[in-house]
Amino acid sequence: MSRYSAAEIEAKWQTAWDEAGLFRATRSADKPKYYVLEMFPYPSGRIHMGHVRNYTMGDVIARYKIANGFNVLHPMGWDAFGMPAENAAMASGGHPKDWTYGNIADMRGQMKPLGLSIDWSREFATCDPEYYGQQQALFLDMLDKGLVYRKNAVVNWDPVDMTVLANEQVIDGKGWRSGADVERRELTQWFFKISDMSDDLLSALDGLDNWPAKVKLMQANWIGKSRGLQFAFGMTEEAHGFDRVEVYTTRPDTLMGASFVGISPDHPLAKAMERQDPKVAEFCAEARKGGTTEEAIETAEKLGFDTGLKVRHPFNPEWELPVWIANFILMDYGTGAIFGCPAHDQRDIDFARKYGLPVQDVFVPAAGEEGHTRAENGKTAYVPPKTDAVRYIRGFAGAEVQNGSDAVDAAIDFCEARGVGQGVTKFRLRDWGLSRQRYWGCPIPVVHCETCGVVPEKKENLPVRLPDDVTFDVPGNPLDRHPTWRDCACPKCGAASKRETDTMDTFVDSSWYFARFTSPHADTPTVAEDAAYWMNVDQYIGGIEHAILHLLYSRFFARAMHLTGHLPEKAREPFNALFTQGMVTHEIYQTRDANGRPVYHLPEDIDRESQTVKATGEKLEIIPSAKMSKSKKNVVDPVSIVTGYGADTARWFVLSDSPPERDVEWTAAGADATAKHLARVFRICAEIAEMANGAAAGDDELLRAMHKTIDDVTKELESFGFNASIAKLYAFTNTLQKTQAGGTARKVAARTLAQLMAPMTPHIAEELWAILGGEGLCAAAPWPKADPAMLKDESLTLPIQINGKRKAEIVVPADMPPAEVEKLALSNDAVVKALEGATPKKVIVVPGRIVNVVV
RNA sequence: GCCCAAGUGGCGGAAUGGUAGACGCAGCGGAUUCAAAAUCCGCCAUCGGCAACGAUAUGUCGGUUCGAGUCCGACCUUGGGCACCA
C-alpha cells in the first residue's frame, strides 16, 4: 500500500489535467457557460496567503461547476501598472517594466503549483501594450461619446519636491520624502463623467440580488442621493462682483436657525477676495494645508475667517448673517457654500462655539421636557434621525409636530411657492478623476496642439507606447522631462504638437479586464460573439476593501462600454454575483530593542511553546492576529507551505475553520493538523481499495451517511459554505473509518468522498479516485447526486422546553401528528416532575423541531 | 469625523427565531510499542455537587417573543472604506 506523498501526486495530476486540456475555455453551444473570476493580483513579487485563499475559493467554484456540466471560464491576469514599480525603480534603480515583468514571472511560478483550474492561455498584464492600447481605444470612444472631459481639481502638492503625492504618500499632512507641509493645489485634469450615471448606478443596485447587502448599502451611501433646497442669500452690498451666495442644504427646515453662511476656501468669492486681501490669502493658504482626503478634511481643526461681508435672510431682510470662509466646506459638493445651523449640525456647532456665533433651536423632542436647551449651552447638536417626530419651535412650513423628512418636503414646497430657490436632487458621487502625473500607467492618448487645442490621437496610431529610456533619479513625472517623447504631429492639422503626459489611474485598468478576458488577444477591446457568450461574470470573488471604488468604477465602465458598442446590453451590470472574502491573519511576535522600540520576528524564527526567539532565547510578546504584512513580519509564505506540506494542505486549511467572508487565522498547528488529516484520508481509502468486494450489515447505514453528506456538501458549496462543507467531510471521514460495511459499499463511499473533496483538494482526490477504480479523471467526473429516499429519517428527537428552558427530550416517529406529540410530551416523566402539578397554559408544538410548554 | 461590518469555550468556529458550542485545534486519560514517533479509543463551556442534577453563559445594557447567538434600540471594542495604495 502506497503512502500519501503530496510532492509526487501533485505534479503528476497537474500534468494530467494540462494534457487533457481540462481548463482550456472555448465557446460551445452544447453546454451552459459559467464565468468565475477572482480579483486579479498586483504583481508585488510574492504571492501571499490572501491570494491562496482568494484563488482557492474561485477554484472550488470553478471545479464544482465543471463537475456539474458547465463550460467554465476561469482566467488570470495581472494588475500591473501602479506606484510600487516606480518606487522600486527610485529605491534601487532598474526599470518599472523589468521589475514588473520579473515579478509576474515569479508569481506565476508560485501560483502554478497550487493546481488552480485556470486557463493560462488567456493571461495578460495591464502593462502589456496590447492591453493598454485597447484601453486607449476605449478612452477615445468614450471621449467621442462625451463621457470624458477636463476640469480643475485639487491634488496633494509637495512644495519642496514640486510633485503631486498620492494620499498614502501624505503622512500627518507632510510629504513622505521631503517632510514638507502638503498643500491642496488645483490642476487641470481628465475626468470620466460617472456622475451622469449616478441615478442608474444607484437604482440598479436593487437588481443585484446576489451581491452582499453591505456592499450595495456602501455603494448607495457613496453615491449619496439627496433632495434639498438650492437658493441664494442676497448680499447686503455687492462685493468682488458678487451680489449673492448660492447655497445648497439638505435641511431647509432649519432655515430659521441659520447663524452664518460658510464658503469653501476654493469658492469663487473666496478666491476673488484672496487676490485683493493678503489676510484672506493668508487664511486660505492655511486652510489649504493638509491632504485632500475626506478624512483629513473632516478631522482637521475647524478654521474660519470672517470676511466681514453680510447676507440677508431670505425670509426677513432685516436679519443679517455673516459670511465666513471655512476649511471644512468642500467646493466639490453642492455649491461650495452652506448656511450653518449650529443647533442641529455637529460640525456647525463646533464652529459656532469656537467663533462665538449664535445657536438657536429650531425643534425640540416631540415628547419630553419643554424648553429643550441642549443647543443653548451645550456643545452637542440635537440631530435625531429624520424619521423621528419632533416639535418645531421655529418652524415655518408643515405641522408643528412632524418628522424631519416631512419637514424638509414642506420647507421645499414653502420656499418654492415664495420664489426662494428650488428643490433639487444632488448626488455625493463626484466625477472620476483619471489623470495621474506618473510614468508607469496607460498614457492618455491625446495631443495638445497650439491651433487645434486638445486633439484625440488617431486610432491607427495606437498604442501610444511608454518610452523605455526614462530615469527615476529626480522626483516628478519622467514623461514630462523626456527629451523627445512628447513631440508629435497634431493628428488634425499636422503641426508640431505635444503629447499629454498624464497617464491613467490604475483603476481604469481594472475596470474592464473582466471583459477583456473574453477575447484577451483581439485587436479590438472586445469581440462581440465572445463577449455575448461569456459575459457576465457569474461569480466574482475578491476583498471587501474593493466594495466601493473598484466595483463602482467597473459598473460605470461596463455601462460606458455598452454605450460605445463594446459590450452587450446584458453586461451593463457585469457581475451577476459577488462574494467578498476575508483576510488571512497571523499572530505577531515582538520583542523590544534597547530604546523600547518594537522588533518583529518571523514565525519560523521563534519557538511558540516557550515564547522565545530561537536564536537568542529572548522572551517574546505575542500580539493577537493581524493582517499579514511584511513590516510586522507575520507573513507565512505559501511557497514554503506548498513545498513542505503540499498544495492540498494549503488549500484545505485556508478554506476550513473560518467562514470565507471572515478573516482566517493561519496557525502552524492548524496546517499540521490539516496535513495529518489528508494523510489519514489517504490511508483509509488506500486500505479500502485493497478490500475484497462484498456486502455487510453496515452497508445501509454507510450509504445513508454518504447521501446525507452529498446533500450537505452540495448545499454548502452552492452557498459558499466552504468551512461547513469541510466539517461535513471530516464527519464523513470519521464514519468511513468506523463503518462495518462491506468492501463494495466502502469503495462507493470512498470514491464519493474523493469526489466531494476534489474541488478543495483536487490532487489527493484524483489519486484516490484512481486507486479506488474511478473512471477517467475525477476532475471530469459528474458531481454525485444525493438520493432523496436515503435522506429521510424514520424517527427524530424532539426537545421539550418548559417556559423556554429545555427539560427533556423524546424520540418520536417522523410523521407523528402534533396532537399526539403534545400528549407524549406532557406524559414524559421529566416534564411531569418539572411541572410540579401545575396545569400548562399553552403547549406549542413546532413539527420536527421542538415542544414548548408554557405554565 | 462620516459610511459599512464583526464580537459565541483555552483557540478557530457551528447553529432556516426552536436542544448553544457541530467539526477542527490544543489539553487530559487510555491502548499499541523495549522505548519513542506515528496511529487508534475515550473525556473536554463555567461554577456547585460523589452523583443524579442544578445554576450561569453567545461584547455591555435594555426591548420584542411561548422561545433570541439570531429581530429592534443604545453603548463598547476590533476591522474595512473615505475618491492619487491596489
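Residues numbered from 1 in each chain as written. Chains lettered and ligands numbered in written order. Predicted model: local features only at pLDDT ≥ 70, side-chain atom pairs only at ≥ 80, totals over all residues. Heavy atoms only, no water.

**What to know about the sheet that holds strand E23 (residues 496–499)**
Pairing is antiparallel in the open sheet, where four strands are placed in the order E21-E20-E23-E22. Whereas interior strands pair on both sides, the edge strands pair on one side only; in this sheet they are strand E21 (453–456) and strand E22 (487–489). With direction set aside, neighbouring strand axes in the sheet form an average angle of 45°. Examined bridge by bridge, strand E20 (residues 446–449) and E21 share four bridges and lie antiparallel to one another. Each residue of the ladder has a partner; that of Val 447, found in E21, is Val 455. (Pairing = 2+ DSSP bridges. Helix = DSSP H or I, 4+ residues; strand = E, 2+ residues; numbered from the N terminus. Axes fitted to C-alpha atoms, helices over the stretch in contact; angles between N-to-C directions.)

**Topic: the pairing of strand E3 (residues 148–158)**
Consecutive residues of a regular strand have side chains that alternate between opposite faces of the sheet. Pairing between E3 and strand E7 (residues 183–192): 10 bridges, direction antiparallel. Its bridge partner being in E7, Val 154 is matched across the sheet by Glu 186. Two elements, E3 and strand E4 (residues 163–165), share three bridges in a ladder whose sense is antiparallel. Within E4, the position partnered with Trp 157 by the bridge is Val 164.

**Topic: the protein's contact with RNA strand B**
Contacts to RNA strand B come from 67 residues, most closely from Asn 167, Arg 436, Arg 438, Arg 849 and Asn 852. Sugar and phosphate atoms form 60% of the subset of RNA strand B atoms that lie within 4 Å of the protein. Here a phosphate oxygen of RNA strand B and a side-chain polar atom of Thr 506 are 3.4 Å apart. Taking Arg 849, its side chain carries an N or O atom lying 2.8 Å from a base oxygen of RNA strand B. Among the elements that take part in the surface near RNA strand B, helix H23 (residues 722–738) stands out by supplying six residues, more than any other. A per-class count over the surface near RNA strand B returns 24 nonpolar, 19 polar and 24 charged. (Near = heavy atom within 4 Å. Polar contact = N/O pair within 3.5 Å; in protein donor to acceptor, adjacent residues only side chain to side chain. Nonpolar A, V, L, I, M, F, W, Y, C, P; charged D, E, K, R; others polar.)

**A closer look at the pattern of salt bridges**
This structure, assessed with the given rule, holds 38 salt bridges. One salt bridge in this structure joins Lys 174 and Asp 181, with 2.8 Å as the shortest N-O distance. Of the residues examined, Asp 181 reaches a relative accessible area of 34% and is grouped as partly exposed. The shortest N-O distance in the salt bridge between Arg 559 and Asp 200 comes to 2.7 Å. With Arg 559 in helix H18 (residues 549–563) and Asp 200 in helix H6 (residues 198–203), the pair connects residues that are 359 residues apart, well separated along the chain. Since its relative accessible area comes to 2%, Arg 559 is described here as buried. Here Asp 200 falls in the partly exposed class, since its relative accessible area comes to 25%. (Salt bridge = Lys/Arg side-chain N within 4 Å of Asp/Glu carboxyl O. Buried < 20%, exposed > 50% of the residue type's maximum accessible area, 1.4 Å probe, protein only.)

**Some thoughts on helix H22 (residues 699–718)**
For an α-helix, the turn length of 3.6 residues means that residues three or four places apart are oriented alike. Compared with an ideal rise of 1.5 Å per residue, which puts 20 residues at 28 Å, H22 spans 28 Å between its outermost C-alpha atoms and is within 8% of the ideal. Among the residues making up H22, those that are buried are Asp 699, Leu 702, Met 706, His 707, Thr 709, Ile 710, Asp 711, Asp 712, Val 713 and Leu 717. Packing partners of the buried residues in H22 comprise helix H2 (49–67), H23 and helix H24 (743–757). Immediately downstream of H22, the backbone of Phe 720 shows phi near 60°, a positive value. (Expected span 1.5 Å × (residues − 1). Contact = heavy atoms within 4.5 Å.)

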